[in-house]
Amino acid sequence: MYRFCTSPLTLTDALKLKAEHGAAARFIAGGTDLLIDLARDGSADGAEMGLIDLTRIPGLADIWEEEGALHLGPLVTHNQCVRSRSVVEKAFPLARACWEVGAPQIRNRATVAGNLVTASPANDSIVPLMALDASVRLESAARGSRTLPLARFFRGVRQVDLADDEMLTRISIPLPGSARRGNFIKLGLRRAQAISILSAAGSVACDGGADWASAAVTHAAVALGAVAPTVVRATEAEAYLIGKTLTEQTIEEAARLAATQARPIDDLRGSADYRKAMVETLVARLLRQLREGREREGWLETPVTLWGDTDGRWPVSTGLETAATVNGGAVELEGGMTLLDSLRAAGFVGVKEGCAEGECGACTVYLDGMAVMACLVPAERAAGSEVVTVEGLTGSSAESSELLHRVQQALIESGGVQCGFCTPGIVMSAAALLDERTNPDRLEAQEALTGNLCRCTGYRKILDAVVAAGRKDRG
């Protein structure tokens, strides 16, 4: 699948490796896009590609405020943004967009920086960052660092201004001097695990204090995703809004102007005509939400992450370990393949392959305490790390004297086990939820299982089991 995977322990070493290998090696952080791309390339390109894993370098997963800006390191994941108070309070459109990405297992690995480098116009986190006037810092061993506005970073579909020896090392969002409201809206074919048909993000400020319905707009930014070769700003709509109040007439005209700047295509997710019409709908909906202060409706105070007590950060190791600890025992896992394939080759067949693209969740395992899709992790990342599969689930908890985890028992009692193929992944996600919330409600159970596809479609009894397992723990 790939020629090698090495894990430098410092940023300096990572940049030296990239300079040495150039286009023959790729940086990998989450890998949720990259490993799929390599698998699709097949032996022609993928076998010649090397990977430089950044996840063992300390300090790259930080979120901090400095010099009037909010900064994200290159290893900051979507789940970290969802849980970050700074991001939620000061860059809410980004937090909302990150929540819309994939599922908890995906968000535990996928990084915002990786989303930018992949550069698909349908990538969710790019859209709010464009609306928030973000910039990126790029570094190389030979030339040092340079900073680009995000709009100049993108050159086309999956094309960015990033040299073969460079790495994206920081994302910066300027903090506004006045209060602004912002949000992100996504249109997909399903509620989770869906690529955007189109999306919109906006940020607005008014001069009238709390009464936004009658105040003049002093700042307006609207960005559109999946309607052009790159994410675009609706500049005509933005200019039109300045100095006006957010009346229905103003909102409808701004939405119409935004639609005129869309240049969508026909594809499997939607026609160009449909996308263009829905731009108008989404922008109008977005502006109404901001006018009425409803942008945070439906936002959970503590979103489900399935990351245990890790705070979403990967532990730093010495880099000298070769064996993984799988269900409590040392195992030398074969490299050059995904963690899913390597675990199955080592005999841990409870980890199922349903899609090999992070769509179904059948391969969910815990890596250093976080739920992840094993099909989207290079096997080498498990060296020196702890892996728990469904076979070792009871042994990894306080219930080690029990034959079954209480989630497994609840699934049996509720009739939630159907064909059984997806059940191991569901059990792992549900058990991670119960470690995070001792008594989850049905909405939290639904959020935890958004990354787990049941081909038998019988989710009702599965959700019954998860909620019942939480009650059982309370006695």
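Reading the values: the criteria
Residues numbered from 1 in each chain as written. Predicted model: local features only at pLDDT ≥ 70, side-chain atom pairs only at ≥ 80, totals over all residues. Heavy atoms only, no water. Helix = DSSP H or I, 4+ residues; strand = E, 2+ residues; numbered from the N terminus. Buried < 20%, exposed > 50% of the residue type's maximum accessible area, 1.4 Å probe, protein only. Contact = heavy atoms within 4.5 Å. Areas by Shrake-Rupley, 256 points an atom, 1.4 Å probe, with all protein chains shown as cover. Lys, Arg positive; Asp, Glu negative; His and termini not counted. Charge placed at Lys NZ, Arg CZ, Asp CG, Glu CD. Axes fitted to C-alpha atoms, helices over the stretch in contact; angles between N-to-C directions. Parallel < 35°, antiparallel > 145°, perpendicular 65-115°, else oblique. Left-handed = near helix turned anticlockwise from the far one by under 90°. Nonpolar A, V, L, I, M, F, W, Y, C, P; charged D, E, K, R; others polar. Core = buried A, V, L, I, M, F, W, Y, C linked by side-chain atoms within 4.5 Å. Expected span 1.5 Å × (residues − 1). Pairing = 2+ DSSP bridges. Domains from an automatic or database assignment. Buried area = accessible area lost by both parts, 1.4 Å probe. Salt bridge = Lys/Arg side-chain N within 4 Å of Asp/Glu carboxyl O. Phe/Tyr/Trp six-rings, centres within 6.5 Å; stacked < 30°, edge-to-face > 60°.

For the chain, an unreviewed UniProt entry supplies the name 2Fe-2S iron-sulfur cluster binding domain-containing protein and the organism Caldilineaceae bacterium SB0664_bin_27.

*Asks:* Would you take a moment to explain the overall build of the chain for this structure?
*Replies:* Tallying secondary structure elements over the chain gives 17 helices and 19 strands in all. For the C-alpha atoms alone, the extent of the chain along its principal axes is close to 65 × 55 × 40 Å. A buried classification covers 56% of the 475 residues belonging to the chain. Within the chain, residue pairs in contact and separated by at least 24 positions form 66% of the contacts whose partners lie at least 6 positions apart. Total accessible area computed for the chain in this model is approximately 19300 Å², and 48% of it derives from carbon and sulfur atoms. Averaging the locations of the 49 positively and 59 negatively charged side chains of the chain gives two centres separated by 4 Å.

*Asks:* Just to check I follow, could you spell out the packing of helix 11 (residues 248-260) against helix 12 (residues 272-292) for this structure?
*Replies:* A pair of packed helices is characterised by two quantities: the angle between their axes and the separation of those axes. At a minimum axis separation of 8 Å, helix 11 and helix 12 run at an interaxial angle of 140°. One way to sum up the angle between helix 11 and helix 12 is to call them oblique. Pair helix 11 / helix 12 crosses with right-handed handedness. Where helix 11 approaches helix 12, its residues Glu248, Ile251, Glu252, Ala254, Ala255, Arg256, Ala258, Ala259 and Thr260 are matched on the opposing element by Lys276, Val279, Glu280, Val283, Ala284, Leu287, Arg288 and Arg291. Classifying every residue of the contact of helix 11 with helix 12 gives 9 nonpolar, 1 polar and 7 charged.

*Asks:* Got a minute to help me understand the nonpolar core in this structure?
*Replies:* Among soluble globular proteins, nonpolar side chains are generally buried collectively. By size, the foremost hydrophobic cluster in this structure holds 40 residues, and its most contacted members are Leu116, Phe153 and Ile171. With 6 residues, the single largest contributor to this core is helix 5 (residues 92-99). With residues up to four places along the chain from it excluded, the contact list for Phe153 reads Leu116, Val117, Val136, Leu138, Leu148, Gln159, Val160, Asp161, Leu162 and Leu168. One finds Leu198, Leu241, Leu282 and Leu287 within the second-largest nonpolar core, a separate group that totals 35 residues.

*Asks:* Just to check I follow, could you spell out helix 15 (residues 423-436) for this structure?
*Replies:* Because each turn of an α-helix spans 3.6 residues, side chains separated by three or four positions end up pointing in the same direction. The end-to-end C-alpha distance of helix 15 is 20 Å, a good match for the 20 Å that 14 residues give at a rise of 1.5 Å each. Taken across its 14 residues, helix 15 has 12 buried, putting it largely inside the fold. When we look at burial in helix 15, the residues that qualify are Thr423, Pro424, Gly425, Ile426, Val427, Met428, Ser429, Ala430, Ala431, Ala432, Leu433 and Leu434.

*Asks:* Is there a simple way to think about the pairing of strand 12 (residues 198-206) in this case?
*Replies:* Of all 9 residues in strand 12, 9 are buried, a share of seventy percent or more. Of the two faces of strand 12, the one carrying Leu198, Ala200, Gly202, Val204 and Cys206 and the one carrying Ser199, Ala201, Ser203 and Ala205 are both buried. Two elements, strand 11 (residues 181-187) and strand 12, share 7 bridges in a ladder whose sense is antiparallel. The residue of strand 12 that forms the bridge with Lys186 is Ser199.

*Asks:* I tried to follow the packing of helix 14 (residues 406-414) against helix 15 on my own but got confused; where do I start?
*Replies:* One way to put it is that helix 14 packs onto helix 15 with a least axis distance of 9 Å and a crossing angle of 120°. One finds that helix 14 runs oblique with respect to helix 15. Here the hand of the crossing between helix 14 and helix 15 comes out right-handed. Mapping the contact onto sequence places Arg406, Val407, Gln408 and Leu411 in helix 14 and Thr423, Val427, Ala430, Ala431 and Leu434 in helix 15. A class-by-class count of the residues in the contact of helix 14 with helix 15 yields 6 nonpolar, 2 polar and 1 charged.

*Asks:* Where do I start with the sheet that holds strand 5 (residues 69-72) in this structure?
*Replies:* Sheet strands pair by backbone hydrogen bonding; their relative direction is either parallel or antiparallel. In space, the 5 strands of this open sheet follow the order 4-5-10-6-7, with antiparallel pairing throughout. Sheet topology places strand 4 (63-66) and strand 7 (144-149) at the edges, where each strand pairs with a single neighbour. For this sheet the average axis-to-axis angle between neighbouring strands, irrespective of direction, equals 25°. Relative to strand 10 (residues 166-174), strand 5 is paired through 4 bridges, and the arrangement is antiparallel. Bridge pairing in strand 10 links Leu70 to Ile173. Along the sheet, helix 1 (residues 11-21) contacts strand 6 (135-140) and strand 10; its crossing angle with strand 10, the most-contacted strand, is approximately 125°.

*Asks:* Sorry if this is basic, but what is going on with the domain arrangement of the chain here?
*Replies:* The extent of an interface is frequently quoted as the accessible surface area lost upon association of the parts. For the chain, the domain assignment lists domain 1 (4-53), domain 2 (63-292) and domain 3 (323-472). For domain 2 versus domain 3, the distance between C-alpha centres works out to 33 Å. Taken together, the contact pairs 11 residues of domain 2 with 19 residues of domain 3. Surface buried jointly by domain 2 and domain 3 totals about 1200 Å² across both partners, of which 48% is contributed by carbon and sulfur atoms. The tally of links between domain 2 and domain 3 comes to 2 salt bridges.

*Asks:* Mind showing me how you'd approach the side chain of Thr389 here?
*Replies:* In this structure, Thr389 sits in the loop between strand 19 (386-388) and helix 14. Not counting residues up to four positions away in its chain, the partners in contact with Thr389 are Val326, Asn327, Leu343, Phe348, Val351, Val365 and Met428.

*Asks:* I'm lost on the packing of aromatic side chains in this one. Help?
*Replies:* Aromatic ring pairs are described here by two measures, namely the spacing of the ring centres and the angle between the planes. Going through the model one piece at a time under the given rule, you end up with 3 aromatic pairs. On the basis of an interplanar angle of 70° and a centroid distance of 6.3 Å, the ring pair of Trp99 and Trp299 is categorised as edge-to-face. Pair noted here: Trp99 is in helix 5 and Trp299 is in the loop between helix 12 and strand 15 (324-326), with a separation of 200 residues, a long-range link. Like Trp299, Trp99 is buried. Measuring from ring centre to ring centre gives 5.4 Å for Phe153 and Phe154, while their planes differ by 65°; the resulting arrangement is edge-to-face. Assigned by exposure class, Phe153 and Phe154 land together as buried. Counting every residue linked through ring pairs, the aromatic cluster contains Phe92, Trp99 and Trp299.

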